[in-house]
Amino acid sequence: MMYSEKVLDHFSNPRNVGEIENADGVGEIGNAKCGDIMKMYLKIDNNVITDAKFKTFGCGAAVATSSMATELIKGKSIDDALKLTNDAVVEALDGLPAVKIHCSVLAEQAVRSALSDYYTRQGIDPLPIVGEIKMPEE
Ligand code: FES
């Protein structure tokens, strides 16, 4: 199995690891099959994601994709963050082996799960905005 330089870099030197105290949205997502879990913390100000941090209890690709996902959404509007797809994360990492694509779905869904929590805390139903959070299973 071959990993790109960027994957190896984000795995051995992940960006934005940790928790945000008084986060405005916290998401957690797990993959039932591999058992990996990702937790995502967002700070949101005026519809802009001013900070993003994560904790991943999972494989190297899960660490690398969550690291890249936080980098891609920091400073972006919620709308742009909602458009973040796992494909965009994979592309930003110069690719992932096919058997590891599901790890990037975990990162995509962790962001959505945190945004969903953000709307819930605002008293807004997240479903029409964020959609269903998928639990990736393969
Ligand atoms: Fe489960 Fe990577 S093997 S997220």
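Structure: see above.
Structure report, in brief. Owing to the predicted nature of the structure, the values given are computational and were not obtained by experimental measurement. (Residues numbered from 1 in each chain as written. Predicted model: local features only at pLDDT ≥ 70, side-chain atom pairs only at ≥ 80, totals over all residues. Heavy atoms only, no water.)

This paragraph deals with the packing of helix α1 (residues 5-12) against helix α2 (residues 60-73). For the pair α1 and α2, interaxial distance at closest approach is 8 Å and the crossing angle is 90°. As summarised for this structure, α1 and α2 are arranged roughly perpendicular, according to the angle between their axes. Contact with α1, carried on its side by V7, H10 and F11, involves G60, V63, A64, S67, M68 and E71 of α2 and no other residues of that element. A per-class count over the contact of α1 with α2 returns 5 nonpolar, 3 polar and 1 charged. (Axes fitted to C-alpha atoms, helices over the stretch in contact; angles between N-to-C directions. Helix = DSSP H or I, 4+ residues; strand = E, 2+ residues; numbered from the N terminus. Parallel < 35°, antiparallel > 145°, perpendicular 65-115°, else oblique. Contact = heavy atoms within 4.5 Å. Nonpolar A, V, L, I, M, F, W, Y, C, P; charged D, E, K, R; others polar.)

In the Ramachandran plot, N16 falls in the positive-phi region, its phi being about 65° despite a non-glycine side chain. Tracing the backbone through its elements, the reader meets N16 in the loop between α1 and β1 (25-30). The class of N16 is buried, set by a relative accessible area of 13%. With phi around 70°, N47 is a residue other than glycine that occupies positive phi space. Along the chain, the position of N47 falls in the loop between β2 (37-45) and β3 (48-57). With relative accessibility at 45%, the residue N47 sits in the partly exposed group. (Buried < 20%, exposed > 50% of the residue type's maximum accessible area, 1.4 Å probe, protein only.)

What follows deals with the side chain of S66. Mapped onto the elements, S66 comes out in helix α2. Ignoring anything within four residues of it in the chain, the contact list for S66 reads M38, F54, T56 and A107.

A few words on the sheet that holds β2. Strand order in the open sheet formed by 3 strands is β1-β2-β3, and the pairing between neighbours is antiparallel. What marks the edges here is a single partner per strand, and that holds for β1 and β3. Here the average twist between neighbouring strands, direction ignored, is 15°. In the sheet, β1 pairs with β2 via 6 bridges, with the strands oriented antiparallel. For G27, the partnering residue across the bridge sits in β2 and is M40. Sheet contacts for α2: β2 and β3; angle to β3, the most-contacted strand, approximately 175°. Contacting β1, β2 and β3, helix α5 (residues 101-121) runs over the sheet at an angle of about 145° to β1. (Pairing = 2+ DSSP bridges.)

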